[in-house]
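# Secondary and tertiary structure notes
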Amino acid sequence: MTHERPVLASTRAELADVLAKRPGERVGFVPTMGALHGGHASLMAAARHEVDDGPLVVSVFVNPMQFAPGEDLDRYPRTLDDDVAVCAREGVDVVFAPSVDEVYPGGEPMVSIDPGPLAETLEGRTRPGHFRGVLTVVAKLFGLVRPDVAVFGQKDYQQLVLIRRMAADLCQGVEVVGAPTLRETDGLAMSSRNRFLDPEQRLQAVALNRTLRAAADEAPHGVDAALDAARGELRESLGVDLDYLEITLPDLSPVPADAPPGTEGRALIAAKVGTTRLIDNLPLTIGRP
Ligand code: PAF
């Protein structure tokens, strides 16, 4: 099957030009860092569903501001030709792939987005400054694309919660939609970083999902039982260097000790497998111990 290629815009002016040709239409947006896989394709499909025939924009930009020195900015995969092909298959209208200078003329912006206390837990504890970088670039991209609806993956759950908060707290006029995590057949969450795993590590990485499933299975017996089961699963798993394993409410606040049975929660995990840092999360329903 042939697919019409999206327009490739690499400057703000080119982006503005293509969008100006579609006035009054509902604009859908999927921000990415490229190295696109099936998970991203599912975000595009969700965005297409949201805007019907309206213009669908995908950005491909590896944002230096969200990487700390020593993180994997330099080795982050850059695969623009393949990314454009994925976008073509998903009926994307515009791929916005700007340079660093185009997004940050004059270097890091003097004004940036303070993500607040939600960014001090989980990912934010290990990666200080990460969410300031994420929210700042997403705010800039929202300003350039001016979408009506933007779709983000639930796989980066803390990111999704923070972007929702930013859009609401700063009245950005964008509807933020969270799309379910796509998984390989053995349960590993799809991620651009999976390509760094060698065959042995690829097998070991499934432990993240097994751990979360163990937590979700035991959650009806309470948070402590869920965490015990999850830690038990981790003890059996070789090659997984745990960063955090936590159960929170869906808004990332702590689960209160008197949470009634049936309380919805989220189990979140981050771990290194080899040199590759992976994250995953699952919803769960908490019962009373
Ligand atoms: O999830 C990502 O790929 C990035 O954090 C995002 C949202 C595109 C911002 O750079």
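Anyway, here's the lowdown on the structure attached to this text. This one's a predicted model, so the numbers in the text were calculated from it and none came from an experiment.

### Focus on the sheet that holds strand β8 (residues 263–273)
A sheet is described by the order of its strands in space; here three strands give the open sequence β7-β8-β9, paired in antiparallel fashion. For this open sheet the edge positions go to β7 (240–248) and β9 (276–286), each flanked by a neighbour on one side alone. Shown here is a sheet whose adjacent strand axes are inclined to one another by a mean of 15°, direction ignored. Pairing analysis gives eight bridges linking β7 to β8, with the strands arranged antiparallel. In the strand pairing of β8, Ile 247 is matched with Ala 267. Running at roughly 15° to β9, helix α9 (residues 206–218) makes contact with β7, β8 and β9 of the sheet. With respect to the sheet, helix α10 (residues 223–235) is in contact with β7, β8 and β9, its orientation differing from that of β7 by roughly 165°.

### Things to note about the environment of Gly 187
With respect to the element layout, Gly 187 can be found in the loop between β6 (175–179) and α8 (199–204). Owing to a relative accessible area of 8%, Gly 187 belongs among the buried residues under this scheme. As a C-alpha pair, Gly 187 and Ala 168 span 19 residues in sequence and 33 Å in three-dimensional space.

### Points about helix α2 (residues 38–51)
For an α-helix, 3.6 residues make a turn, and residues three or four places apart therefore share a direction. Compared with an ideal rise of 1.5 Å per residue, which puts 14 residues at 20 Å, α2 spans 20 Å between its outermost C-alpha atoms and is within 8% of the ideal. Residues Gly 39, His 40, Ala 41, Ser 42, Leu 43, Met 44, Ala 47 and Val 51 constitute the buried set of α2. The positive-phi residue at the C-terminal boundary of α2 is Asp 52, with phi of around 60°.

### Some thoughts on unusual backbone geometry
Despite not being glycine, Asp 52 has its phi angle at roughly 60°, a positive value. Along the polypeptide, Asp 52 turns up in the loop between α2 and β3 (56–60). Backbone geometry at Arg 146 places phi at a positive 50°, although glycine is not the residue there. Positionally, Arg 146 belongs in the loop between α6 (130–145) and β5 (149–153). Arg 146 gets classed as exposed once you look at its relative accessible area, which sits at 64%.

How each quantity is defined
- Position numbers for residues count from 1 along each chain, tracking the sequence in the order it is written.
- It should be noted that, the model being predicted, local features are given only for residues of pLDDT at least 70 and side-chain atom pairs only at 80 or more, the latter also being counted only at that level, while totals for whole chains, interfaces and linings use all residues.
- Just so you know, side-chain values use all the structure's heavy atoms and leave hydrogens and water out.
- Pairing between strands is defined by DSSP: at least two bridges between the two strands are required.
- Going along the chain from the N terminus, every DSSP run of H or I of four or more residues is numbered as a helix, and every run of E of two or more is numbered as a strand.
- Angles run from 0 to 180 degrees between N-to-C directions of axes, and those axes are lines fitted to C-alpha atoms, restricted for helices to the stretch in contact.
- Here, residues are in contact when the closest pair of their heavy atoms is within 4.5 Å.
- Exposure categories follow from relative accessible area, calculated using a 1.4 Å probe and restricted to protein chains: below 20% of the type maximum is buried, above 50% is exposed, and the middle band is partly exposed.
- What a helix should span is 1.5 Å times the count of its residues minus one.

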